[in-house]
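Remarks on the overall topology
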Amino acid sequence: MLQADWNPQGGFSFKNCQRNAFLESSLKGLRVPHARKTGTTIAGLVFQDGVILGADTRATNDSVVADKNCEKIHFIAPNIYCCGAGVAADAEMTTQMMASNMELHALSTGRKPRVVTVTRMLRQMLFRYQGHIGASLIVGGVDITGPLLYSVHPHGSYSRLLFTALGSGQEAAISVLEDRFKPNMTLEEGQQLIVEAVTAGILDDLGSGSNVDMCVITQAGAKIQRAVSTPAVISKRQGKYRYPKGTTAVMKETVTPLALEMIEETVQTMEVE
Amino acid sequence: MHGIGRMQESSYFGDLPGVGEIHTGTTIMAVEFDGGVVVGSDSRVSAGAAVVNRVFNKLAPLHQQIYCALSGSAADAQAIADMATYQLELHGMELEKQPLVLSAANVVKNITYKYREELSAHLMVAGWDPYQGGQVYGTLEGMLIRQPFAVGGSGSAYIYGYVDASYKPGMSPEECRQFTTNAIALAMGRDGSSGGVIYLVTITAAGTKQEIILGKELPQFYDEKSECKEYNSLCETAK
């Protein structure tokens, strides 16, 4: 049987934590580098034919935008995608690991991958690391049992839901979803709602911004659309600040030659071929 | 954004959530009657002050006629329930019979006791088997205690008086369901971390029956019932 490519070997090593704390307290002005978080709005909902996932595209490093157009909707399997929030590296690596494990699992079982399998593998791994892997994920897909949407939290808890939002902009997005979600929506209604939900996060949360990415998964397959909508476009400069010569009328001109004495002259020849 | 692993022991009145850590902050209850059990829970899952899931079913099946009710840290409780389900399935296959409710309770108790320093979840095990009929077991902090009825979770603190006063031995299944529903509704009314809908499961020899009691159907008590005629007519015109 094919083995998963990643074998669990112990947990994290916390050897340097004491040293870091000591350095931070003894060296004034030392700023310990922090893990880059995505400061995100991710959302997902189930509609009549499948699942729609949406995400913003801003990655922040404290209060600086590190990446204006990063991809937060990750591929797990042709019929399963995953949005990641929390620590950017953790979300990225976790989803990559899940994608490769699911491929191996599908090959060894001879069956198409299922959303419940991805969710179970994710939460068992996250639970093993007791929340030190800071990945909050929305897993969505359509498999033989139908469309499914799960939210998984860093400590390993999970929920099966019809609509959900995670990340720093989750409150803004969930309020839009709570207001306008209906079961069994059409594709257009679902897409519209997801764009509105993620837009709410982009506009009302400082950690989210740039564009809305969307992924629609149905029985037929998955379709990712990058930059479906850009809610906050940087406005163009309105006018030009150059004026033609003569715009300001010259009334009087006085030329005063300065009496300068030459002290030293050096000539450097330039080699021109 | 996520809480660091907590080392505090689970308190008698349920666990207080760390900032950001997902908690079920719950009210769970199980009542035994002659021929089965009724298990009930609320549906709120919170992370600090935010509600992460308002329709979460905290009654998880461990086997065909054995359920457990989850409370405490959501991740820990779900992980224990998964482990217990797996071990019980294996045990049932080896036994070639339905496992006893006592076995299920022991499986949960063993996990809870062995990892009691690291985990902060309480699973209440209830079910029916042909040898001892309906049984309810509490496994708080790794003990194993059979009770005629049990309440658990952070909301249980608010209803100890009610359940102690209202419980009568020898209630019918319908009375037990009503007792459970009332108790959980009262707890949801007073505990900030309990709310949503009530999930009920009735387990008997015939099988399991699941029910959901939605917001509008929840029992209302003196402070929610409006006897005022003007207020009622105002509600009618507003509809």
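Cut-offs applied
- Residues numbered from 1 in each chain as written.
- Chains lettered and ligands numbered in written order.
- Predicted model: local features only at pLDDT ≥ 70, side-chain atom pairs only at ≥ 80, totals over all residues.
- Heavy atoms only, no water.
- Pairing = 2+ DSSP bridges.
- Helix = DSSP H or I, 4+ residues; strand = E, 2+ residues; numbered from the N terminus.
- Axes fitted to C-alpha atoms, helices over the stretch in contact; angles between N-to-C directions.
- UniProt positions renumbered as here; feature names shortened; annotations may be inferred.
- Contact = heavy atoms within 4.5 Å.
- Parallel < 35°, antiparallel > 145°, perpendicular 65-115°, else oblique.
- Left-handed = near helix turned anticlockwise from the far one by under 90°.
- Nonpolar A, V, L, I, M, F, W, Y, C, P; charged D, E, K, R; others polar.
- Phe/Tyr/Trp six-rings, centres within 6.5 Å; stacked < 30°, edge-to-face > 60°.
- Buried < 20%, exposed > 50% of the residue type's maximum accessible area, 1.4 Å probe, protein only.
- Lys NZ or Arg CZ within 6 Å of the ring centre and 35° of its normal.

What follows covers the sheet that holds strand E13 (residues 207–213) of chain B. Residue and element names in this part refer to chain B. Ordered in space as E11-E2-E3-E12-E13, the five strands form an open sheet in which the pairing is antiparallel. Among the strands making up the open sheet, the edge pair consists of strand E11 (149–152) and E13. On average, each strand axis in the sheet is inclined to that of its neighbour by 10 degrees, with strand direction left out of account. The pairing of strand E2 (residues 28–33) with E11 spans four bridges and is classified as antiparallel. Within the sheet, the bridge partner assigned to Val31 lies in E11 and is Phe149.

Looking now at the UniProt feature "active site" (unreviewed entry) in chain B. All names here are of chain B. Here the UniProt-annotated "active site" (unreviewed entry) positions come out as Thr26. Secondary-structure assignment places Thr26 in the loop between strand E1 (22–23) and E2. Beyond its immediate chain neighbours, meaning those up to four positions away, Thr26 contacts Asp42, Lys58, Leu70, Ser71, Gly152, Gly153, Ser154, Gly155, Ser156, Asp191, Ser193 and Ser194.

We now examine the packing of helix H4 (residues 170–180) of chain A against helix H5 (residues 187–204) of chain A. All names here are of chain A. At their nearest, the axes of H4 and H5 sit 7 Å apart, and the two run at 150 degrees to each other. Between H4 and H5, the angle is such that the two are roughly antiparallel. Handedness of the H4/H5 crossing: right-handed. Contacts between H4 and H5 involve Ala172, Ala173, Val176, Leu177 and Arg180 on the former and, on the latter, Leu193, Glu196, Ala197, Ala200, Gly201 and Asp204. Here the contact of H4 with H5 is built from residues that sort into seven nonpolar, one polar and three charged.

Our next topic: the packing of aromatic side chains. On inspection of all chains with the given rule, the structure shows seven aromatic pairs over all chains. Pairing A:Phe163 with A:Phe181 gives two aromatic rings, centres 4.7 Å apart and planes at 40 degrees, and the pair type is tilted. One end of the pair, A:Phe163, is in strand E10 (residues 163–166); the other, A:Phe181, is in the loop between H4 and H5, with 18 residues separating them in the sequence. Accessibility assignment for this pair places A:Phe163 and A:Phe181 in one class, buried. Ring centres of B:Tyr167 and B:Phe179 lie 6.1 Å apart, and the angle between their planes is 40 degrees; on these two criteria the pair is classed as tilted. Note that B:Tyr167 is positioned in the loop between helix H3 (160–166) and helix H4 (173–190) and B:Phe179 in helix H4, a separation of twelve residues in sequence. For the pair formed by B:Tyr167 and B:Phe179, the shared burial category is buried. The ring of A:Tyr158 carries A:Arg123 above its face, with NZ or CZ at 4.1 Å from the centroid.

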